[in-house]
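Here's the letter readout for the chains.
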Amino acid sequence: MWKEKAIKFGLMSSASVSVISVALIFLFLFKEGGDFLSSPGIGSLFDTRWTPVSFVNERFGLYPLIAGSLLVTFLATAIAIPFGVLGAVYIAEIAKPREREILKPFIEILAGIPSVVIGFFGLIILAPFVKNVFGLYSGLNALSGALLLALMAIPTIITISEDAIKSCPKSYRQASLAMGASRLQTLWRVVMPASLSGIIAAIALGMGRVIGETMVVLMITGNAPQITASPLESVRTMTATIAAEMGEVAFGSEHYQALFIVGIVLLLFTFALNIFSRLFYRRYGNRS
Amino acid sequence: MKRIKSIITVTALVAFIIAQSASFSSADEKKNLVIKGSDTMVHLVSNWAEAFMEEHPSIDVSVTGGGSGTGIAALLNGTTDICAASRKIKGKELKFAAKKNVTPVEFVVARDGIAVVVNPKNPVNALSFDQIAAIYTGEYTNWAQVGGPDKKIVVLSRESSSGTYVFFQEHVLKKQDYTPSARLMPATAAIIQSVTDDQWTIGYVGLGYVAHTKGKVKSLKVNAADSLKAIAPSDVTVASGAYPIARPLQLYTNGQPSGAVKIFIEFANSEKGQEIVRSTGFVPPSATGK
Amino acid sequence: MKRDYAEIFFNSLARLVTYSITAVIAYIIFDIVRNGIGVISWEFLSGFPSNGGAKGGILPAIVGTVYLSLGAIIVALPLGVASAIYLTEYGKQGKFNEMIRLAIVTLAGVPSIVFGLFGLGLFVLFFDFGSSILAGSLTLALMILPTIIVTSEEALRAVPRSYREGSLALGATQWTTIRTNVLPYALPGMLTGSILGIGRAAGETAPILLTVAAFFLPRLPDSVFDQVMALPYHLYILATQHPEIELVRPMQYGTALVLLVIVLAFNLGAIVLRSRFQRKIKSQH
């Protein structure tokens with residue numbers, strides 16, 4: 001019987017690797033970045049300028065980076081929601097079974113295209129296109145980044161929303177149709193409200209993917225650390241800041257610590273989105 | 001069941017092979033030379049590395065870019081043998097070095113002129129340091145303010161990890177901060193791409209790169225003070241020191257070099273090495289040679 | 001029957017939206033295949049880069065990507081499968097289980113660049129592996145762990161309960177039951193997860209940026225403590241850093257194509273395998 005116990009113990013230890021990893025991630029981000037909070041102090045993060053390399057005054061204000069990430073994320077989400085939700089409705093409710101069997105894997109392929117390839121495509125094809133359409137001086141801006149990020153969020157939104165829509169019990173639909181409602185009315189008044197929490201969970205997960213994406217924004221948003229709400233301006237996101245500047249800094253310097261702080265802030269954002277998504281996901285999961 | 005066993009066997013085998021190769025290499029005598037640092041110099045250094053490995057097949061050279069700061073940080077952290085830097089090591093970094101028991105030794109191996117570039121369709125041909133600084137700090141935002149047409153200026157800069165960024169900030173911007181609306185481009189190539197495509201941009205790049213663009217970008221004439229004549233960047237004006245935005249490029253080692261490191265530094269300063277400096281678009285450091 | 005125009009309109013709109021997404025995907029793939037196919041040659045696939053990647057081949061980057069993904073899967077697969085077995089077969093609905101699930105969801109949501117920071121802090125610096133295949137593989141392994149756990153769990157759950165009950169009724173221990181009556185049937189599903197994991201590990205750039213990737217390293221690694229080039233990072237470098245844009249454009253497309261083919265082949269394999277597996281399970285019911 002000891003063998004059974006040993007195996008169980010081994011499996012349990014493997015399972016706890018995930019828990020330990022999450023703990024270690026938080027621990028090591030704080031270990032490397034934590035000193036920044038005592039000197040130069042947490043207050044210097046609440047600043048409107050990010051000028052880590054300066055002869056005058058090194059400033060580590062997170063506002064421009066957070067603003068950049070949020071602008072790109074909200075734009076991308078706004079673009080991705082209609083496409084993702086309509087796509088999910090089409091695949092779940094309208095498409096013929098044969099069509100569905102082709103469409104689903106095809107859209108999953110999109111989720112598999114490496115982000116650096118999407119960024120490369122954006123750099124060569126999309127940025128010049130955006131520049132010409134809007135008559136800009138440069139196509140490297142928040143909008144170009146958001147368009148590509150929307151493309152990357154769409155498969156997540158479609159896959160999970162479709163799941164939610166399909167898990168809406170048949171009896172709901174039959175009841176509605178039997179009462180004389182049209183298929184469209186059934187879809188909007190019965191199926192969609194019933195799947196709403198699943199769809200919200202899908203959107204939150206899609207947002208999580210967008211805010212954490214690095215290579216695409218690094219290559220395409222132009223990387224100007226300014227605070228702006230204009231989609232046609234260039235912005236710098238938290239992820240791009242870490243990727244671009246981490247290689248440069250002397251380990252242990254203030255700048256190095258500040259970048260770890262940016263990592264912590266980023267992690268908190270995605271963590272919150274995840275928890276939010278999970279709350280909704282569970283609601284829909286319990287019902288079905 | 002058989003399938004599980006075979007998968008486990010294969011996994012174990014692969015793990016074993018990897019562990020084996022790891023233990024072999026520690027006993028292996030083949031020399032490895034790691035060079036990290038400046039993006040400006042990465043093509044120069046990788047061209048050196050290619051030619052060097054032909055002459056010395058027993059030495060492997062790996063080259064990584066990322067910026068001068070990256071290279072210096074790597075030297076201080078002991079993760080590189082040679083650091084390529086397009087700026088001098090800073091006092092702060094020297095203090096760090098002392099803490100970590102590293103003594104950086106400097107070798108000037110080339111000179112680089114930094115060209116201020118615009119699109120060829122831009123009518124502006126010359127700018128003074130003051131005008132460039134005004135553009136890069138955000139004081140001027142329209143080409144009309146420097147004698148051009150009424151168009152908004154799109155300011156392009158290198159990443160803050162770049163030695164060129166710091167050099168330009170120190171010498172041309174007189175240590176002022178860049179405007180936050182300056183776009184930080186990941187590398188020189190991205191600046192050239194953007195200046196080629198977008199008509200009202202301004203950027204700064206190593207002269208070595210301008211030669212490759214075959215007229216797709218235009219270098220401006222530059223004068224350091226209003227009393228001086230504006231000079232166009234060229235090999236001649238950079239070597240003579242007449243062109244005001246030029247800098248030495250250097251290699252740093254930890255302590256006086258020996259072994260493979262020494263052979264490489266000697267190669268870089270040799271006739272052949274300096275020929276590669278010329279073919280990559282830089283200027284031999286004859287005036288400041290060490 | 002009366003035609004419902006609102007429904008026809010809505011259906012067409014949804015169809016248009018869905019097919020426009022697929023059109024964009026098709027166009028991206030088409031553009032990269034069209035421009036990249038001409039570059040692919042034996043020399044390109046088996047050669048070493050020269051002139052900063054503008055000439056020569058991409059062999060070290062291909063090899064680097066293969067090593068990194070293999071390394072990641074060797075670590076992540078046993079851990080992931082064991083976790084999934086624990087969660088589905090042993091785990092009660094307790095606090096510990098809930099904690100593990102929360103951790104998996106959290107891990108799945110950690111941005112790839114944060115994995116890079118973590119890998120730098122823990123593997124490169126704290127364990128002193130340096131920038132190396134080992135550090136990069138371990139970082140990637142943690143990143144793909146949730147994918148493997150979740151797909152393995154699905155595969156285990158798909159095995160009908162009766163299979164287990166039969167064995168247990170005959171007096172077999174729980175582990176014996178799992179080994180003989182559950183795992184063999186769940187294996188294809190688990191394979192799907194690991195293939196998806198390999199694909200994801202092969203395509204990621206941000207985590208390896210800080211833990212392993214080299215710009216120019218024209219030789220093959222001979223130890224897990226070596227740096228390597230990797231396809232995604234090589235593409236990033238070519239796309240943004242090389243001075244001779246025109247000269248290097250074909251190489252960019254060639255590299256993008258090779259990367260795309262490798263990653264999509266893994267994904268496609270996983271999708272095919274999964275649908276066959278699902279059909280098989282259905283037919284057994």
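Here the structure is shown first, and the text comes after it.
Just so it is clear, the structure is predicted and the values come from calculations on it, not from any experiment.

Chemist: Please provide a residue-by-residue account of the overall build of chain C, values included.
Modeler: Secondary structure summary: chain C contains 11 helices and 2 strands in total. Along its sequence from the N terminus, chain C presents helices and strands in the succession α-α-β-β-α-α-α-α-α-α-α-α-α. Judged by the C-alpha coordinates and their principal axes, chain C covers about 70 × 70 × 35 Å. Of all 285 residues assigned to chain C, the portion counted as buried reaches 61%. A fraction of 75% describes how many contacts in chain C between residues 6 or more apart in sequence connect residues 24 or more apart. A total of about 11,100 Å² of accessible surface is found on chain C, and carbon and sulfur atoms cover 65% of it.

Chemist: Account for the pairing of strand β1 (residues 31–37) of chain B, naming residues and giving values.
Modeler: Residues and elements named next belong to chain B. For β1, a buried count of 5 out of 7 residues is recorded, marking the element as mostly surrounded by other parts of the structure. Where β1 and strand β2 (residues 59–64) come together, 6 bridges link them in parallel fashion. For Val34, the partnering residue across the bridge sits in β2 and is Ser62. In this fold, the crossover linking β1 to β2 by way of helix α2 (residues 42–55) has right-handed handedness. As paired elements, β1 and strand β3 (residues 82–85) share 3 bridges and run parallel to each other. Looking at the pairing, Lys36 lines up with Cys83 of β3.

Chemist: Describe the interface of chain C and chain B, naming the residues involved and giving the relevant values.
Modeler: Taken together, the contact pairs 30 residues of chain C with 36 residues of chain B. Taken together, chain C and chain B are joined by 0 salt bridges. The interface formed by chain C and chain B contains 2 residue pairs in polar contact (both at pLDDT 80 or more). Listed by contribution, the elements that provide at least two residues to the side of chain C that touches chain B are α8 (174–203), α10 (231–240) and α11 (245–284) of chain C.

Chemist: Lay out the packing of aromatic side chains with the relevant residues and their values.
Modeler: Scanning all chains against the criterion turns up 31 aromatic pairs over all chains. On the basis of an interplanar angle of 75° and a centroid distance of 6.3 Å, the ring pair of Phe28 of chain A and Phe118 of chain C is categorised as edge-to-face. Of this pair, Phe28 of chain A sits in helix α1 (residues 2–33) while Phe118 of chain C sits in helix α5 (residues 112–126), each in a different chain. A connected cluster of aromatic rings, assembled from ring pairs, spans Phe28 of chain A together with Phe118, Phe123, Phe126, Phe127, Phe129 and Phe225 of chain C. Stacked on the ring of Phe96 of chain B, the Lys or Arg Lys99 of chain B has its end atom at 5.0 Å from the ring centre. Lying over the aromatic face of Phe167 of chain B, Arg247 of chain B brings its terminal NZ or CZ to 5.7 Å of the ring centre.

Chemist: Tell me about the packing of helix α8 (residues 183–212) of chain A against helix α1 (residues 5–36) of chain C, residues and numbers included.
Modeler: For the pair α8 of chain A and α1 of chain C, the least separation of the axes is 8 Å and the interaxial angle reads 65°. On α1 of chain C, the residues touching Arg183, Leu184, Leu187 and Trp188 of chain A of α8 of chain A are Ala6, Glu7 and Phe10 of chain C. Across the contact of α8 of chain A with α1 of chain C, the residue classes break down as 5 nonpolar, no polar and 2 charged.

Chemist: Tell me what's going on with the interface of chain A and chain C, and back it up with residues and numbers.
Modeler: On the side of chain C, 83 residues touch chain A, which itself brings 76 residues to the contact. In this assembly, chain A packs against chain C so that about 7,000 Å² is buried in total across both faces, 80% of it on carbon and sulfur atoms. Considering only the surface of chain A that becomes buried against chain C, Leu11, Phe120 and Arg278 of chain A emerge as the three largest contributors, covering 9% of it. Seen at the junction of chain A and chain C, the total is 2 salt bridges. Ionic pairing is found between Arg278 of chain A and Glu98 of chain C, a salt bridge with its closest N-O pair at 3.5 Å. Taken together, chain A and chain C are joined by 5 residue pairs in polar contact (both at pLDDT 80 or more). No other element matches the 20 residues that α1 of chain A contributes to the side of chain A that touches chain C. The residue makeup of the side of chain A that touches chain C, split by class, is 53 nonpolar, 13 polar and 10 charged.

Criteria and thresholds
- Residues numbered from 1 in each chain as written.
- Chains lettered and ligands numbered in written order.
- Predicted model: local features only at pLDDT ≥ 70, side-chain atom pairs only at ≥ 80, totals over all residues.
- Heavy atoms only, no water.
- Helix = DSSP H or I, 4+ residues; strand = E, 2+ residues; numbered from the N terminus.
- Buried < 20%, exposed > 50% of the residue type's maximum accessible area, 1.4 Å probe, protein only.
- Contact = heavy atoms within 4.5 Å.
- Areas by Shrake-Rupley, 256 points an atom, 1.4 Å probe, with all protein chains shown as cover.
- Pairing = 2+ DSSP bridges.
- Right-handed = clockwise from strand over helix to strand, strands pointing away.
- Salt bridge = Lys/Arg side-chain N within 4 Å of Asp/Glu carboxyl O.
- Polar contact = N/O pair within 3.5 Å; in protein donor to acceptor, adjacent residues only side chain to side chain.
- Phe/Tyr/Trp six-rings, centres within 6.5 Å; stacked < 30°, edge-to-face > 60°.
- Lys NZ or Arg CZ within 6 Å of the ring centre and 35° of its normal.
- Axes fitted to C-alpha atoms, helices over the stretch in contact; angles between N-to-C directions.
- Nonpolar A, V, L, I, M, F, W, Y, C, P; charged D, E, K, R; others polar.
- Buried area = accessible area lost by both parts, 1.4 Å probe.

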